[in-house]
Amino acid sequence: MAATTREWHLAARPHGEPTPEDFRMVEVPVPEPAEGQVVVRMVVMSVDPYMRGRMRSGPSYAPPWQVGEVMKGGAVGRVVASRAPELPEGALVLTDAAWRETAVLDAAAVTRLPAATDVSPSWYLGVLGMPGLTAYAGLFRVGAFREGDDVLVSGAAGAVGSMVGQFARLRGAGSVIGSAGSPEKVAWLRELGFTAAFDYHDGPVAELLGRAAPDGIDLFFDNVGGEHLEAAIGAFRVHGRAALCGSISGYNAVEPPPGPRNMSLMVGKRLTLRGFLVSDHADLRPEFTETVTGWLRSGDLVVRETVREGIEQAVPAFLDLLRGGNTGKMVVRLAPDPD
Ligand code: NAP
Ligand code: FER
């Protein structure tokens with residue numbers, strides 16, 4: 001077993017866009033596991049937009065990372081030594097203990113996963129994990145999706161957005177319109193079966209949306225906020241609904257970004273704009289897993305990932321994620337897949 005592990009610490013709280021200097025990689029000893037603990041070798045770790053919020057001090061729904069301490073985040077790992085009978089060596093587990101190669105964890109703090117079969121371990125960080133459940137809960141419960149709805153998804157080529165658009169299509173949306181940040185992403189959205197897609201860099205979002213959805217939209221799944229939200233409010237039909245999932249266009253902002261200037265339309269259009277957190281919808285997990293596993297088995301759902309290799313790449317992967325360097329879920333592979 002490795003006597004030391006490399007791990008990433010928060011070095012400084014960023015002002016605006018994070019830089020490599022805000023992080024530090026350190027090598028620390030791996031302690032001996034106590035009774036009831038396991039040693040977990042990480043196979044693949046997640047980098048996610050919400051982590052930008054954890055770099056900030058101050059009140060939030062998630063506790064901030066502490067300067068000088070290891071950062072936390074989702075990962076799938078393999079038990080390489082065990083002092084907990086319920087988690088034998090070789091077991092595959094989901095943990096929130098990554099940004100490191102090896103961790104000693106209480107058995108109660110990890111979730112055992114099925115042995116690797118036709119499911120890639122990284123899918124538990126994406127389509128079958130937190131982002132997939134976010135898409136499912138946000139679209140079907142928060143957004144109250146109905147067959148025939150014309151649906152707009154911002155951040156549509158990302159981990160959450162690419163699932164939202166496909167889930168809507170599979171459940172009989174009237175149309176699915178996606179917005180993303182490059183021509184390649186737009187082309188991929190068309191391959192996925194989106195009815196229309198545009199690159200939000202190509203002009204004012206309201207104009208691009210007006211062309212993509214001239215008759216308006218019923219439901220908006222928003223990952224981006226700002227100009228996208230204003231454009232959607234303008235494009236809504238009466239009784240339009242928005243599931244507010246994220247507002248990544250403002251995550252690095254130093255001043256609060258301007259709000260939509262057309263909120264007065266909400267009254268006449270009788271709009272519902274509803275924010276949500278995936279953690280409030282854990283009760284949907286069994287239904288979500290069954291439905292999405294079915295779509296994966298039938299080949300109806302396309303999964304794409306952007307995979308970086310090695311713990312050294314974790315920070316560059318995170319910085320790239322915030323700038324749109326990923327298509328589908330961004331993950332960092334730390335060890336070969338278990339057999
Ligand atoms: P992701 O979409 O895979 O990756 C982030 C994407 O954001 C980038 O690929 C980039 O794509 C886009 N982006 C970055 N800056 C942007 C800007 N200024 N304007 C428009 N797009 C920008 O990430 P994810 O994990 O699926 O998360 C998507 C959203 O869901 C985030 O807002 C996240 O915070 C939110 N989220 C919320 C919950 C919840 O419980 N509410 C849970 C999970 C995720 P482009 O190339 O298209 O710009
Ligand atoms: C969670 C609730 C919300 C969580 C992530 C989020 C990792 C993400 C929120 C965001 O990106 O805005 O429990 O778990």
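Let me sum up the structure you'll find in this document. A quick note: this is a predicted structure, and the numbers were derived from the prediction, not measured. (Residues numbered from 1 in each chain as written. Chains lettered and ligands numbered in written order. Predicted model: local features only at pLDDT ≥ 70, side-chain atom pairs only at ≥ 80, totals over all residues. Heavy atoms only, no water.)

A few words now on empty space enclosed by the protein. It is a probe the size of a water molecule, rolled over the atoms, that shows where empty space is left. By the definition in use, this model includes one cavity of 30 Å³ or more. The volume enclosed by the largest cavity comes to roughly 80 Å³. Along the wall of the largest cavity there are 13 residues; nearest its centre are Gly126, Val127, Val303, Arg304 and Lys329. It is helix α3 (residues 159-170) that provides the largest number of residues to the lining of the largest cavity, a total of three residues. Considered class by class, the residues forming the lining of the largest cavity number six nonpolar, four polar and three charged. (1 Å grid on protein atoms, 1.4 Å probe; cavity = no way out; pocket = protein on both sides within 12 Å on 5 of 7 lines; lining within 4 Å. Points joined across faces, edges and corners; volume = space filled by probe spheres on them. Helix = DSSP H or I, 4+ residues; strand = E, 2+ residues; numbered from the N terminus. Nonpolar A, V, L, I, M, F, W, Y, C, P; charged D, E, K, R; others polar.)

Time to look at the packing of helix α5 (residues 205-212) against helix α6 (residues 227-235). Running from amino to carboxyl end, α5 crosses α6 at an angle of 45°, the nearest separation of the two axes being 8 Å. Taken together, the axis directions place α5 and α6 in an arrangement best described as oblique. For the crossing formed where α5 meets α6, the hand is right-handed. Side by side, α5 and α6 meet where Val205, Ala206 and Leu209 of the first sit next to Glu227, His228, Ala231, Ala232 and Ala235 of the second. Its residues assigned to classes, the contact of α5 with α6 comprises six nonpolar, one polar and one charged. (Axes fitted to C-alpha atoms, helices over the stretch in contact; angles between N-to-C directions. Parallel < 35°, antiparallel > 145°, perpendicular 65-115°, else oblique. Left-handed = near helix turned anticlockwise from the far one by under 90°. Contact = heavy atoms within 4.5 Å.)

Remember, this is a structural readout, not a statement about activity or role.
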